[in-house]
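# A look at the structure
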Amino acid sequence: MSVNLEAGLRSGAQALGLSLSDDQVQRLLGYAALIQKWNKVYNLTALREPTEILTHHLLDSLTAVTPLTRHTQGQAIRVLDVGSGGGLPGVVLAICMPELNVSCVDTVAKKAAFVQQVAVSLKLPNLRGLHARVESLTDPYQVICARAFASLPDFVTWSRSALAEGGVWMAMKGKHPQAEIDALPADVKVFHVEPLTVPGLDVERRMVWMKPETV
């Protein structure tokens, strides 16, 4: 990975108010290099250029770190990244928030295997890739997140069996998804929607926080 990419990553993280250690920066760059290397065989992403991987994947995923840190308050919780593909945002969260135990689930075996390879290559004991349908998971996770996975109603319905008591859903979306919010099951409540700004990208992003309604 070039010096320019490292500079772009560092300035982007700074713009997001994140103070990453040198080790975290090198792991994120190592992850980007692994995406490029494996992409030729596994088709992890349509993006091929390192600069696009930086902005559209790494920096985009880094926007989730501050909101999630605010929610967890530094607690060691279990996070499930649904429809994770090549591990976005799950791998980025595992690198930047080592207190988390992050599982990335995908129905495509090669993508889950890639996340496992990332965990080994980058020495991330708090990361694992799962090859499964999310509906089949019953282990409890305190936060279930997704980035560009499915509509909000499908996301919460399919992953509900894996949500711990008192747990929340965290969905990274584009524009404010009012139609999807209106279509949520009656017993799921949106308790916060926040705008996200991706350094270097002129796009709309929203983080939608949801939880089951207690009766």
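Everything quoted here is computed from the prediction, not taken from an experiment.

Let us now look at the sheet that holds strand E1 (residues 78–82). Spatially, the 7 strands line up as an open sheet ordered E3-E2-E1-E4-E5-E7-E6, and their pairing is mixed. Whereas interior strands pair on both sides, the edge strands pair on one side only; in this sheet they are strand E3 (127–131) and strand E6 (188–196). Across this sheet, the average inter-strand angle for adjacent strands is 20°, counted without regard to direction. Summarising the sheet, E6 and strand E7 (residues 205–212) pair through 8 bridges and their orientation is antiparallel. Across the sheet, residue Pro 195 finds its bridge partner in E7, namely Arg 206. Against the sheet, helix H3 (residues 50–62) makes contact with strand E4 (141–147), strand E5 (163–173) and E7, and its axis sits at roughly 145° relative to E4, the strand it touches most. Running at roughly 25° to E7, helix H4 (residues 65–72) makes contact with E4, E5, E6 and E7 of the sheet.

A few words now on the packing of aromatic side chains. According to the stated counting rule, one finds 5 aromatic pairs in the structure shown. With a centroid separation of 6.3 Å and 80° between ring planes, the pair formed by Phe 149 and Phe 155 is classed as edge-to-face. Look at Phe 155 and you get buried, because its relative accessible area is 2%. Ring plane angle 45° and centroid distance 6.2 Å describe the contact between Phe 191 and Trp 209, whose orientation is recorded as tilted. Separated by 18 residues along the polypeptide, Phe 191 in strand E6 and Trp 209 in strand E7 bring together distant segments of the chain.

How each quantity is defined
- Residues numbered from 1 in each chain as written.
- Predicted model: local features only at pLDDT ≥ 70, side-chain atom pairs only at ≥ 80, totals over all residues.
- Heavy atoms only, no water.
- Pairing = 2+ DSSP bridges.
- Helix = DSSP H or I, 4+ residues; strand = E, 2+ residues; numbered from the N terminus.
- Axes fitted to C-alpha atoms, helices over the stretch in contact; angles between N-to-C directions.
- Contact = heavy atoms within 4.5 Å.
- Phe/Tyr/Trp six-rings, centres within 6.5 Å; stacked < 30°, edge-to-face > 60°.
- Buried < 20%, exposed > 50% of the residue type's maximum accessible area, 1.4 Å probe, protein only.

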